[in-house]
Amino acid sequence: MMDLRGQNFDLKEEIRSYWSDRAATFDDSPSHLIENQYGLSAWQDFICRSFELGPDQMLIGKQVLDIACGTGEISRVLCSLGAEVVGLDFSEKMHARAKEKLMGKSWSPLLCDAENLLGVVDDAFDFAVTRHLAWTLTKPEKAYAEWRRVLKPGGRLLLVDGNWEQGHSFLYRLRRQFADFLSPLPAKSPKETAKDQWIRKQLPYRNGLTLEHLRHDLVQAGFVSVQKVSVSALYGQGMKAWPLPVRLRQSSENRFALVCTAP
């Protein structure tokens, strides 16, 4: 692969380009699309449980930041719970997809780097949510400090992520093999594979993001009451509408979630 570390190299721009190129087909992935039959209610319950909200509370009137909103799937869940949502992303192509999807909803876009929330005032949000972002951060300590800054005192942050690099159990491998036997995934192009692998090697979490590592980094950034939240319902009951091979792959991944509080 071409060496991108020359004078004009910018890892952040490479990451932006990588995700922007995937915007048009992003919702084709069961890792990102939240389907309505089972997935939407599973995510609604998960978010309310994570933020300790009763069934009559939801997020009505709350200011919520969706960090790295992508095509707006998590924003869609938050809006369905009554939240006033700001969808932050640094990809204009992702934002364009989200704007189409969330037209008429209580949602506004913020074109911004998740590690540097320029123009966002302190103590602006009651809650913040991010999915599948932490592992891609180039400066995680800066990002977490920024997220704490824009949360109100007592505001809560929910992170859904996973360890995609290591620690796969025997059950994981067995499920993946059976899923591949039933329905093999199309192979990525050599160029796409090389770019993906090259970017991963530059990241601070290049050896895999573990729950323990993420918890440590959030505490270092000043968050308190960092707690694990089960994601089993999201990738079990919440995936029932998908074919069996998809469900096997999704439920076997090393996924986890943490919720924490800004002091």
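What you are looking at is a predicted structure, and each value in this text was computed from that prediction instead of being measured.

1. Quick word on the overall build of the chain
Here's step 1: Regarding its fold elements, the chain presents nine helices and seven strands.
Here's step 2: What you see for the chain is a C-alpha radius of gyration of 18 Å, in line with the 18 Å of a compact globule of 263 residues.
Here's step 3: On the principal axes, the C-alpha backbone points of the chain span a range of 50 × 45 × 35 Å.
Here's step 4: Across the chain, every contact between residues at least 6 apart in sequence was considered, and the portion connecting residues at least 24 apart equals 76%.
Here's step 5: In the structure as shown, the chain presents an accessible area of about 13000 Å², 52% of it carried by carbon and sulfur atoms.

2. Things to note about helix α6 (residues 170-182)
Here's step 1: Along its 13 residues, α6 runs 18 Å from first to last C-alpha, staying within 8% of the 18 Å computed at 1.5 Å per residue.
Here's step 2: Along α6, the positions that sit buried rather than exposed are Y172, R176 and A179. Buried residues of α6, seen end-on, are gathered within an arc of 65° and therefore sit on one face of the element. The exposed set on the far side of α6, more than 90 degrees from its buried face, consists of F170, Q177 and F181.
Here's step 3: Against the buried residues of α6 lie α9 (244-252).

3. What to know about unusual backbone geometry
Here's step 1: Its identity is not glycine, yet A68 carries a phi of approximately 60°, on the positive side.
Here's step 2: Inspection of the secondary structure assignment puts A68 in the loop between β1 (63-67) and α3 (73-80).
Here's step 3: A68 gets classed as partly exposed once you look at its relative accessible area, which sits at 26%.
Here's step 4: Unusually for a residue other than glycine, D123 sits at a positive phi of about 55°.
Here's step 5: Residue placement: D123 occurs in the loop between β3 (107-111) and β4 (125-131).
Here's step 6: Take D123: its relative accessible area is 41%, and that puts it in the partly exposed class.

4. Some thoughts on the pairing of strand β2 (residues 84-89)
Here's step 1: With five of six residues buried, β2 is to be regarded as a mostly interior element.
Here's step 2: Running through α3, the crossover from β1 to the neighbouring parallel element β2 is right-handed.
Here's step 3: Of the strand pairs in this sheet, β2 and β3 are connected by five bridges, and their pairing is parallel. By the bridge assignment, D89 is partnered in β3 with L111.
Here's step 4: Running through helix α4 (residues 92-101), the crossover from β2 to the neighbouring parallel element β3 is right-handed.

5. Digging into the environment of D126
Here's step 1: Considering the arrangement of structural elements, one finds D126 in strand β4.
Here's step 2: For D126 and G154, which are 28 residues apart along the polypeptide, the C-alpha to C-alpha distance reads 7.9 Å.
Here's step 3: Each residue touching D126, except ones within four places of it in the same chain, is listed here: K62, Q63, L151, K152, G155 and R156.

6. Regarding the nonpolar core
Here's step 1: In terms of nonpolar packing, the biggest core is built from 45 residues, with Y144, W147, L157, L218 and F223 touching the most fellow members.
Here's step 2: In this structure, F46, F51, A98 and F127 belong to the second largest nonpolar core, which totals 35 residues.

Calculation rules
Residues numbered from 1 in each chain as written. Predicted model: local features only at pLDDT ≥ 70, side-chain atom pairs only at ≥ 80, totals over all residues. Heavy atoms only, no water. Helix = DSSP H or I, 4+ residues; strand = E, 2+ residues; numbered from the N terminus. Rg over C-alpha atoms; globule rule 2.2 N^0.38 Å. Contact = heavy atoms within 4.5 Å. Areas by Shrake-Rupley, 256 points an atom, 1.4 Å probe, with all protein chains shown as cover. Expected span 1.5 Å × (residues − 1). Buried < 20%, exposed > 50% of the residue type's maximum accessible area, 1.4 Å probe, protein only. Arc of directions from axis to C-beta. Right-handed = clockwise from strand over helix to strand, strands pointing away. Pairing = 2+ DSSP bridges. Core = buried A, V, L, I, M, F, W, Y, C linked by side-chain atoms within 4.5 Å.

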